[in-house]
Structures are given as structure tokens and as C-alpha cells.
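Examination of the molecular architecture
Listed below are the residues making up each chain.
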Amino acid sequence: MVQQLFSPSVQHTLDLVGIFVFAISGALLAVRKNFDVFGIAVLAEVTALGGGLFRDLVIGAVPPAAFTDLGYFLTPLLAALLVFFLHPEVERIQAGVNVFDAAGLGLFCVAGTTKAYDHGLGLTASAALGLATAVGGGVLRDVLANEVPSLLRWDRDLYAVPAIVGATMVALCLRYGVLTPLASGLAAVTAFVLRLLAMRYHWRAPRAWHRRSTVREEQPPPSAPAPGVPDRAGR
Amino acid sequence: MVQQLFSPSVQHTLDLVGIFVFAISGALLAVRKNFDVFGIAVLAEVTALGGGLFRDLVIGAVPPAAFTDLGYFLTPLLAALLVFFLHPEVERIQAGVNVFDAAGLGLFCVAGTTKAYDHGLGLTASAALGLATAVGGGVLRDVLANEVPSLLRWDRDLYAVPAIVGATMVALCLRYGVLTPLASGLAAVTAFVLRLLAMRYHWRAPRAWHRRSTVREEQPPPSAPAPGVPDRAGR
Amino acid sequence: MVQQLFSPSVQHTLDLVGIFVFAISGALLAVRKNFDVFGIAVLAEVTALGGGLFRDLVIGAVPPAAFTDLGYFLTPLLAALLVFFLHPEVERIQAGVNVFDAAGLGLFCVAGTTKAYDHGLGLTASAALGLATAVGGGVLRDVLANEVPSLLRWDRDLYAVPAIVGATMVALCLRYGVLTPLASGLAAVTAFVLRLLAMRYHWRAPRAWHRRSTVREEQPPPSAPAPGVPDRAGR
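Let me begin by describing the structure that accompanies this report. What you see as residue numbers is a count from 1 along each chain, following the sequence as written. Chains carry letters and ligands carry numbers; both start at the beginning, A for chains and 1 for ligands, and go up in the order they are written. pLDDT decides what is reported in this predicted model: residues at 70 or higher carry local features, side-chain atom pairs at 80 or more are listed and counted, and totals for whole chains, interfaces and linings draw on all residues regardless. Based on all heavy atoms of the structure, the side-chain values leave hydrogens and waters out of the count.

**Let's talk about the relation of the copies chain B and chain A**
Definition in use: We place the copies in one frame by least squares, fitting the C-alpha atoms of every residue whose pLDDT is at least 70 in both. Whether two residues touch is decided by their heavy atoms; if any such pair falls within 4.5 Å, the residues are in contact.
For these two chains of identical sequence, chain B goes onto chain A by a turn of 120 degrees and a shift of 0.0 Å along the axis, with RMSD 0.0 Å. What we have between these two chains is a three-fold relation. Within chain B, B:Asn146 has its C-alpha nearest the rotation axis, a separation of 3.9 Å. Comparing interface residues between copies, only 9% of those in chain B also lie at the interface in chain A; the contact surfaces differ.

In C-alpha cells:
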């Protein structure tokens, strides 16, 4: 067992915060897709718990934490209720929600990598599962909402790369036996800040060279940079 | 081990009936989506067995029942063949199929909750898995068919709520140690009747308050009530 | 433990070849869908490893091979890089890629059936898991790309049937205790050749009798053949 990032109770609180903000993003998409209250709750649960559920199934930690910790199960319902009753208000503070979501990304990539390593996986596999923990819920959310996962789209600000950096930092610390709480915290903060910067400056990842895509080029979203500046993605 | 709802052989027969009607619903969607005979069989299998498969993976009951009981595997193939050869006839008795589907919903939410509890999960988690057992196959069916899961759509009659009620009744009985076969049967019948009523009176769940949806409002389906009656969903 | 199809190191090399060509098909779809470099890598990983991952979760072989063998994880990344930089060239040799993909199909249906049987599953369940190993990655690829799985579509050349034949041959050999390396190889080659023939002669599976589909009949894609010239689009 590697050292905990924080004391157990602090870690648990941080987990719940991460779960809550992820659930908010699921519930908001459900409202945009015109789902009913039950669909809002399902999408909140899936977004918040899907990544950790996948990790726990892969490492054989059954029943998964999502089904053994009542707080993990109830927190997304709380988020769903909030969005159900206060949808416009929550939309209005979307920028704030995004900051918390970035924090969840940072915490989950670190916690996921650490838990996978604790269960005996190799360093690369642990980092991959850390990434899956952080982004898996969002992918499931988009699949259930019948949309192309925003994780995969070129016209979205970098989301996975900050998590990859954080998970890799944890894996390197584990490799050299220096995963102190401080190092864990540093990895989480790095992923968090990278994600904030990616949103601020609309960092994008490049698409394939010389591609001939069959997909209509989509217009940049309203928040995208002015013509001329866009898409620093290596073209 | 809690008491069985019915004697093992009766329980097994009921399971097969539930699997059969769920498979019919999968096969019918496959025909509507223009899939070939193989696609019909896959969608039948996934719809019938997906919910239980998810539950068994979560509680660590591997290999899952879907892969150890030959009857579970062959029954959906039988349903697929029936729909393949007799598609118009099966469509014509759709109302009858829906009644059986409601029965499957009732049986599976009870059986799923009980099995999860037997494997050591808490009451809330057991009820959640009972719900997942009952509705999971239908969600997988819609995801594979590239449609928004009908479970999540506001313009569909209540489907999850009856299962939630049934699963909650079982969990309460487990809590107070009174899960007799009679109580189990009552929970299954309650879910069954609630689903029938939801279909008969087009009960819907409410959508978020003050939402501004980006999704075009869809027309009510032909079976929907006349203008003025619609959508009892609290508006 | 049944006899290995080949010596362990040869088997491992063949696995990596199969993983590589499956990953190529995932990466090519990602480029067509306009995903960024990260989306290309994710789709390559999921396509290559998804089928085996599902099999390992079902038989309880956790952590799955996809997360314990570094070569399994890195090979799809190599394929993603290749497609990222050399997309037009890889597209141009699509016919060659399809031949390798057929080889992967043959190898994986045999290896999947054998591994499931080794873990104590019945013959029918083992064959079903062999099929799932061979085709599961492609289904996950299409679901993530928000497309109807090509496995289920009537307007695609037979893909599952060759794998079903191969898996059934292995199951029959297991049943009669004659699964020699020669028999395994024969099953893999049979599936391989059947898939090649299906592509060459555009074998399709029938759709339901007397269906009244609600789906518009799709036109053959622009790249589709004048009769006689094959649809290299494979899947």
C-alpha cells in the first residue's frame, strides 16, 4: 500500500467533491438532451462513477467502491436534484463548474493510478487506468446521450492530456519510490492547472496529417478564438 | 441466502420467460433498424442478458449466469428466430409483448436485488443493482442500435420507476427480515402493475424546471394522448 | 490446459499482429471521424483490446491481459502513430489491411474460445466468448464513434459468421478431445478464408422476412463498387 495522498477522511471528502462535479456535468448534458428527471439521475450517476467502476472491474476490486460506499451513490443524486430544480442557475456558473471539473480530473487521475498500482498492476497499466478513472465517466455519459465522446473530438480543449501528465507523474514517483503525499498533491495540481490553461487558451490536439475526412468540418463553438488564431494544433 | 421467491425450477422458468420477452424487444428493434439475421440475434442476446451480466460482473459472480446456463443463452436465439420468420405477426401482438415485458421487469428487479444482497452488497446498492438488472439490457440494446436509450427519454412511458418501486420493496423487506416468497411476489406484481398502468395512462416523468433545451421538441408518438391530455409530468 | 495452438512465443507474436491490424482499423475510423491524435490512440486501443478485455472480465481473469502485457498496450499506440503520420498511405493499402484483419479474426476466435474453455466455461459459452473476443473490439470502436456497429448492418460483408465457424470448430474439437495445434490452425485458417471469400464475393446475411423497416434504405457509399469491384471498406 503506497502512502495515501491525504488522510483517509480528507481523501474521501475530495472524492465526494470530484464525484459531485462530474455528476453536475452529466446532469447538465441530460437537461440539454431533454431527458426526464430519471434520465438526469442516471446520467449523473454514470458520469460520476463510471470511470472508477471500470477501474475496479479491471483490477478485480469487486464489489466496486461505487456500490459499497453509500456516499458515492447518493452524491450524484444530490447533484441531479440540484440541476433539476436550478438548471438555469447552474448553467450560469458553468465556468465555475468547469474549474471544479478540472479539479476532479486532477484528483481522479492520481487516485486511480495509485489504486491500480496498489492492486498489483504495472506502472504503465496503472497510469492508463488512472487516465480511464478520470475520463471514463465522461465517455460513458456521451455514449449514453448518443453523442460522439467529447474526449475524442478535435474541436474540444485538451482534456485527456492533463490527466495523462498527472498519471504519468504518479507512475514515475512510484517507479522511484518517492510517492509522498506532497508528490501526489503536486501531480494532481499539475493536471488541474494544465486543464485550466487548456480551457483558457483553447489548446487543442492535432489531427492526422494529410487526412481526407468524410466528416463535415464543424464550426468552432462561440467560445472559440477569433478567426486567424484558432486551433494551434500543429497546422 | 435469503429465501427464494419461488422454488428453484419455477424461478428458472420465470427467468427464461423474462429473458424471452426481453429478447423479443431487442429483436424487434433490430428488424426496425434493418439489421441482418446476425444483428437480430446479437441484439436479442444483449437485451435479454445484458442487465444480469452487468450485475454479475459488479458482484463478482463470474462467470456470469448468462455464460453458465445454456438455457439463458439459447432462449434469446429462439426469440430471434421467431422474429426473423414471423416479424409482422410479432409486431401485431406488440401489446401482448409489452405485457410480458412488464412481467419481466417485475421479476428481474426482484431477482436482481435479491441476488446482489446474497453477495453481500448493502441495501441501497442491492436495490440499485436490481434496477440495473431490470433495465440494463434495454439500455445496451439502444446503445448498440445507436439510439438514445428509451429509458432516459422524457417522451416514453415510465419504465424505471416501477422497477425502482419493486426493488425498494424488496430492500425494505430484507432490512426487516421479512422477505418471504409472498413479499417477493408482491414486489414483483407491484412493479408489473405499475408498468401496465404507466403504459395505459401514458405516465411520464417530469423534465428539469426552466430548462432551455437545445433539442428539438419531438412530436408525440401516434399512440400518445390527444392534445390537452398530454404529459402529466407536473407542468 | 488444452494444448497451445502454437508455441508460446509464436502465439504471442501472432496476438500482437492481430492487435496491430485491429488497431489500424480503429485508427482509420478515428481519422475519418475527424478525431484528434488522442482520439485516434483511444480508438486504436479500444478496437484492438476491447474484445479480449470483455472476455477476461467475463471469465474472471483479472487483471485482463490487456493490462498485464505491456506489448498489448503499446502495439495499438504504434498503429495509431503510423496512421497519424501516414494516413493516406495506410488508406491506400486498405485491401492489404483487410487481409490482415481477416487473419486477426481467425486467430482471435480460436484463441478466445480456447482461453474461455481453459477457465472452465462450457463449450457453447466458450464459442460465444471466442466470437466476442474476435468481434467485440470492433463493436466498441463503432459505439465510441457514434455509429451503428458495422457488425450488425445488413449492408456489410459477412464478418461474424466466419468467426462463428472457427469458434465452433474449436468447440467441437474440445468436445471430442482432439484439439491439436493442427486442428486449431485449421479452424483459424477456415475463419480467415471464409472472411476473405465474404469480402471477395460480397456475401451478406439475410434480413427478416416480410419486414417493414422504418429505416431508409441506404444507398451504397460513393466508394462502392461497380459490380465486380469489391468494396474495400470491409467493415
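Let's pick the thread back up.
**Describing the side chain of C:Arg55**
Residues and elements named next belong to chain C. Operational definition: A run of H or I in DSSP counts as a helix once it spans at least four residues, and a run of E counts as a strand once it spans at least two, with each numbered from the N terminus. When accessible area is computed with a 1.4 Å probe and restricted to protein chains, residues below 20% of their type maximum are described as buried, those above 50% as exposed, and intermediate ones as partly exposed. Any pair of nitrogen or oxygen atoms within 3.5 Å is treated as a polar contact; in protein, a donor-acceptor pairing is required on top of that, and neighbouring residues in sequence qualify only through side-chain atoms on both sides.
Note on placement: Arg-55 falls in helix α2 (residues 37–59). Among the residues examined, Arg-55 registers a relative accessible area of 9% and is labelled buried. Of the polar contacts made by the side chain of Arg-55, one reaches the side chain of Asp-56; its length is 3.0 Å. Setting aside residues up to four positions removed in sequence, Arg-55 forms contacts with Gly-112, Lys-115, Leu-129 and Thr-133.

**Structural notes on a nonpolar patch on the surface**
What counts, and what does not: Residues enter patches when they are more than 30% accessible in relative terms and free of salt bridges; like-charged ones are connected within 9 Å and nonpolar ones (Val, Leu, Ile, Met, Phe, Trp, Tyr) within 5 Å. The Shrake-Rupley method, run with a 1.4 Å probe, gives the accessible areas here. Residue values count only the displayed protein chains as cover. Note on definitions: salt bridges are taken to be side-chain nitrogens of Lys or Arg within 4 Å of carboxyl oxygens of Asp or Glu.
A cluster of nonpolar residues, A:Leu81, A:Leu82, A:Phe85, A:Leu86 and B:Trp209, forms a patch on the protein surface that exposes about 440 Å² of accessible area. In this structure, A:Leu86 sits in helix α4 (residues 70–92). Judged by relative accessible area, which is 37%, A:Leu86 ranks as partly exposed.

**Topic: the relation of the copies chain C and chain B**
Overlaying chain C on chain B yields an RMSD of 0.0 Å, the required transformation being a rotation through 120 degrees with an accompanying axial translation of 0.0 Å. Of all interface residues in chain C, a mere 9% are interface residues in chain B too; the two copies therefore contact each other through different surfaces.

**Here's the deal with the interface of chain C and chain B**
The extent of an interface is frequently quoted as the accessible surface area lost upon association of the parts. Stated formally: Buried area, as used here, totals the accessible surface that two parts lose on assembly, with accessibility defined by a 1.4 Å probe and the loss added over both. Three classes are used: nonpolar for Ala, Val, Leu, Ile, Met, Phe, Trp, Tyr, Cys and Pro, charged for Asp, Glu, Lys and Arg, and polar for all others, with Gly counted as polar.
The partner chain B presents 30 residues to the 34 residues of chain C that form the contact. Carbon and sulfur atoms make up 70% of the area that chain C and chain B hide from each other, which totals about 2,700 Å². Linking chain C with chain B are 0 salt bridges. On the surface where chain C and chain B come into contact, there are 5 residue pairs in polar contact (both at pLDDT 80 or more). Elements with a minimum of two residues in the side of chain C that touches chain B: α2, α6 (123–144) and α7 (160–175) of chain C. In terms of residues, the side of chain C that touches chain B owes the most to one element, α6(C), which gives 7 residues. Along the lines of polarity and charge, the residues of the side of chain C that touches chain B split into 22 nonpolar, 6 polar and 6 charged.

**Side note on the pattern of salt bridges**
Enumeration according to the criterion identifies 24 salt bridges over all chains in this entry. The salt bridge partner of A:Lys33 is A:Glu147, with a shortest N-O separation of 3.3 Å. Of this pair, A:Lys33 sits in the loop between α1 (8–32) and α2 (37–59) while A:Glu147 sits in the loop between α6 (123–144) and α7 (160–175), and the two are 114 residues apart along the sequence. Note on A:Lys33: relative accessible area 18%, which makes it buried. On the basis of relative accessible area, A:Glu147 is assigned to the partly exposed category, the value being 31%. In this structure, B:Lys115 and B:Asp56 form a salt bridge, with 3.1 Å as the shortest nitrogen-oxygen distance. Remark: B:Asp56 occurs in helix α2 (residues 37–59) and B:Lys115 occurs in helix α5 (residues 94–118); sequence separation between them is 59 residues. Exposure remark for B:Asp56: the relative accessible area of 1% places this residue in the buried category. Bridged by salt links that share partners, the residues A:Arg55, A:Asp56 and A:Lys115 form one connected network.

**Regarding the interface of chain B and chain A**
Contacts between the two partners involve 34 residues from chain B, matched on the other side by 30 residues from chain A. Run the count over chain B and chain A and you get 0 salt bridges. Summed over the shared surface of chain B and chain A, the result is 5 residue pairs in polar contact (both at pLDDT 80 or more). Elements supplying a minimum of two residues to the side of chain B that touches chain A: α2, α6 (123–144) and α7 (160–175) of chain B.

**As for helix α4 (residues 70–92) of chain B**
One full turn of an α-helix is made of 3.6 residues, so residues set three or four places apart face in the same direction. Residue and element names in this part refer to chain B. The line we're drawing: Bend angle per residue: angle between axes fitted to the 7 residues ending at that residue and the 7 residues starting there.
Residue Leu-86 marks the point of greatest curvature in α4, where the axis turns by about 105 degrees; the proline Pro-88 follows within four residues. For α4, the full list of buried residues reads Tyr-72, Thr-75, Pro-76, Ala-79, Ala-80, Val-83, Phe-84, His-87, Pro-88, Val-90 and Glu-91. Lining the buried residues of α4 we find α1 (8–32), α2, α3 (65–68) and α5. Where α4 starts, the residue carrying a side-chain oxygen 2.8 Å from the main-chain nitrogen of Gly-71 turns out to be Asp-69.

**Observations regarding helix α8 (residues 181–201) of chain A**
Residues and elements named next belong to chain A. Here is the rule we go by: To estimate how far a helix should reach, multiply one less than its number of residues by 1.5 Å.
Its 21 residues give α8 an end-to-end C-alpha distance of 30 Å, which sits within 8% of 30 Å, the value for a rise of 1.5 Å per residue. Among the residues of α8, Ala-183, Ser-184, Gly-185, Ala-187, Ala-188, Ala-191, Arg-195, Ala-198 and Met-199 are the ones counted as buried. Along its buried surface, α8 packs onto α5 (94–118) and α7.

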